[in-house]
Amino acid sequence: MPAPSTTLLVEGNFPDLINELVEYVDNLKKNQNQNNEESAPSTLKSDVEGPLGQYTQAEEAGDQAKVLNAREDVLKVIVPAASNVLNTAPEREFVAAYNLVIHLIQPSASVSTHLQPLCASVTRDASSPTKAGLALTVLSTVFNTLATDDSIRYPVFNAILDVISRSSASGSFDALRPQLKHLESWLSQWNTPAPQARKLYLRIASIATEAGENEDAYEFLIRALRTIPSEEVSSKEARDLSIDALKAALVSSTHFDFEDLTSLDSVQALRNSDDSAASTFFELLEIFTSQLLEDYVAFKSEHNNFISEQSLDDAALTRKMRLLTLASIASSTGQSRSLPYSNIASSLKIDADDVEMWVIDVIRAGLVEGKLSQQKQMFLIHRSTYRVFGDQQWREVAGRLDMWRSSLIGVLGVIRQEKAGLIAQKERELREVEAKVNGSGGGYRRNQQREAIDVGLD
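Because the structure is predicted, anything quoted here is derived from the model rather than measured. (Residues numbered from 1 in each chain as written. Predicted model: local features only at pLDDT ≥ 70, side-chain atom pairs only at ≥ 80, totals over all residues. Heavy atoms only, no water.)

(A) Representation of the pattern of salt bridges within the structure. Under the defined criterion, the tally for this structure stands at 13 salt bridges. Here Glu213 ties to Arg177 by a salt bridge, and the two come within 3.1 Å at their closest N and O atoms. Within this pair, whereas Glu213 is found in the loop between α10 (194-210) and α11 (214-226), its partner Arg177 is found in helix α8 (residues 172-180), the two being separated by 36 residues in sequence. As a salt-bridge pair, Arg177 and Asp216 come within 3.0 Å of each other at their nearest N and O atoms. Of this pair, Arg177 sits in helix α8 while Asp216 sits in helix α11, and the two are 39 residues apart along the sequence. Residues joined in a network through salt bridges with shared partners are Asp174, Arg177, Glu213 and Asp216. (Salt bridge = Lys/Arg side-chain N within 4 Å of Asp/Glu carboxyl O. Helix = DSSP H or I, 4+ residues; strand = E, 2+ residues; numbered from the N terminus.)

(B) Spotlight on unusual backbone geometry. A positive phi is found at Asn305, a non-glycine position, where the angle reads about 70°. Locating Asn305 in the fold gives a position in the loop between α16 (293-302) and α17 (306-309). With relative accessibility at 42%, the residue Asn305 sits in the partly exposed group. If you check the backbone angles, Gln377 has positive phi at about 55° while not being a glycine. Locating Gln377 in the fold gives a position in the loop between β2 (368-373) and β3 (378-384). Looking at Gln377, the relative accessible area reads 40%, which means it is partly exposed. (Buried < 20%, exposed > 50% of the residue type's maximum accessible area, 1.4 Å probe, protein only.)

(C) Representation of the environment of Leu380. Tracing the backbone shows Leu380 in strand β3. For Leu380, a relative accessible area of 25% puts it in the partly exposed group. In the structure, Leu380 is positioned 40 residues away from Pro340 in sequence and 8.8 Å away in space, judged by C-alpha atoms.

(D) The arrangement of the packing of aromatic side chains in detail. If you walk through the whole model with that rule in mind, you get 13 aromatic pairs. Ring geometry for Phe14 versus Tyr55: centroids 4.8 Å apart, planes at 45°, classification tilted. One end of the pair, Phe14, is in helix α1 (residues 14-32); the other, Tyr55, is in helix α2 (residues 44-61), and 41 residues separate them in sequence. The exposure classification of Phe14 matches that of Tyr55, with both residues buried. On the numbers, 5.6 Å between centres and 75° between planes, the contact of Phe288 with Tyr296 is edge-to-face. For the pair formed by Phe288 and Tyr296, the shared burial category is buried. Linked through ring pairs, Phe143, Tyr154, Phe157, Trp186 and Trp190 together constitute an aromatic cluster. Here the guanidinium or amino end of Arg153 rests over the ring plane of Trp186, the centre of that ring lying 5.9 Å away. (Phe/Tyr/Trp six-rings, centres within 6.5 Å; stacked < 30°, edge-to-face > 60°. Lys NZ or Arg CZ within 6 Å of the ring centre and 35° of its normal.)

(E) Representation of the layout of surface pockets in the model. Its boundaries defined by the atoms lining it, the largest pocket holds a volume of some 290 Å³. Contributions of two or more residues to the lining of the largest pocket are made by α10, α11 and α12 (236-251). Among the elements that take part in the lining of the largest pocket, α11 stands out by supplying six residues, more than any other. Residues of the lining of the largest pocket, tallied by class, amount to seven nonpolar, five polar and three charged. (1 Å grid on protein atoms, 1.4 Å probe; cavity = no way out; pocket = protein on both sides within 12 Å on 5 of 7 lines; lining within 4 Å. Points joined across faces, edges and corners; volume = space filled by probe spheres on them. Nonpolar A, V, L, I, M, F, W, Y, C, P; charged D, E, K, R; others polar.)

(F) Structural context of the packing of helix α3 (residues 64-85) against helix α5 (residues 111-124). Two elements in contact, α3 and α5, have axes separated by 9 Å at closest approach and are oriented at 10°. Regarding the angle of α3 to α5, the classification is roughly parallel. Contacts between α3 and α5 involve Glu72, Leu75, Lys76, Val79, Ser83 and Asn84 from the first element and His114, Pro117, Leu118, Ser121 and Arg124 from the second. The class makeup of the residues in the contact of α3 with α5 is four nonpolar, four polar and three charged. (Axes fitted to C-alpha atoms, helices over the stretch in contact; angles between N-to-C directions. Parallel < 35°, antiparallel > 145°, perpendicular 65-115°, else oblique. Contact = heavy atoms within 4.5 Å.)

(G) Just the pairing of β3, in detail. Where strand β1 (residues 338-340) lies against β3, three bridges are found, and the strand directions are antiparallel. For Pro340, the partnering residue across the bridge sits in β3 and is Met378. Pairing geometry for β2 and β3, over six bridges, is antiparallel. By the bridge assignment, Gly370 is partnered in β3 with Ile381. Between β2 and β3, which follow one another and run antiparallel, lie four residues, and Gln377 among them has a positive phi close to 55°. (Pairing = 2+ DSSP bridges.)

(H) Looking closely at a nonpolar patch on the surface. There is a patch of nonpolar side chains on the surface, built from Val411, Leu412 and Ile415 and spanning about 260 Å² of accessible area. Inspection of the secondary structure assignment puts Leu412 in helix α21 (residues 391-457). In this structure Leu412 comes out as partly exposed when scored by relative accessible area, which is 42%. (Patch = residues over 30% accessible without salt bridge, like charges linked within 9 Å, V, L, I, M, F, W, Y side chains within 5 Å. Areas by Shrake-Rupley, 256 points an atom, 1.4 Å probe, with all protein chains shown as cover.)

Laid out in structure tokens, this is it:
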């Protein structure tokens, strides 16, 4: 898989390496045709003799311009021929043979021209797990030997995606995932136009879906939507992609925050779309963004069969809506921070016996934190998640801040009172000590005076 840039270390000068590769390719071709007595294909050696001879002559003459031109002529002959044959190389020689071709191509002024047939050849028969592994190794070498800002990396990365999408090997997407964190910076370095970036994101989303990685697929679908310019947000492509993303978010068992969708211009464009299904989808999104279970039930009554016609799982949507409803009513409890079981059962339209199960589910979903009091038949809320944050939520926050402020003022008053009492007590203790010291000291001086008088009389 793509990794930090690497350098291939191959010993030998250009003519020697060409002759080595020519001999290897001719042997592979010979093995391919050994059972066909009538075929007598021309050898690569004979095809490359002329251009290679010109290269040698130019090098001996010290004519650098002719050397470069002759080198290109040699590569134009050998790269397509090698690309057509190297896929038949034994597994233990496969990577080494391609590495030699990559090394020969690297200094060329027409790298992209030469890499095109090579990448096509590598990906051609990469359907089996073994072939896919070898192909990914070769393509990763090509990718990593190119400069990080080289736009040729884009088609090479696409070839890597081709192999992964065609491979039946499990774990191919797992091998790709660590590199996807670099994709944004790569696309920026390659100066990739928005349409090409969108195409790449959608390919990755498709591969992730096939691999069962729905969260990754959703992430790259959102990235694709962000590449759509404002003047195209109402286009059919934007509408279809927005609906796909909306569907994925709705059916996901872990996606509860829809702000990533509502912040997209293409999703907002669904509201006023000429397509009735698109505008209905936006209405459904608004329900899951900020409304309650009863609104979802009303939606189903108003838009009969819409859920089934769009191949959505009503049971899954109802379950998610119950969790979101419980999160909403938990957030609106105000200063009491508690919910009676009866309120939960009524809001979620469930039996009272099922309340604790739903509370546990909403805690597991990370929407609410708290504890159940079976004795009081109450759900005591420690933390809740706001689904939307508007004027009402700001007022609730302001109310809680006022409550905390009042509590803190009370605490500070108690602390000041206790501090004043402690200071007064210390002062009393000091006065008592001084009084005792002064009292004992005065008696001692009176005794001294009395003794002095007695001594004087004598």
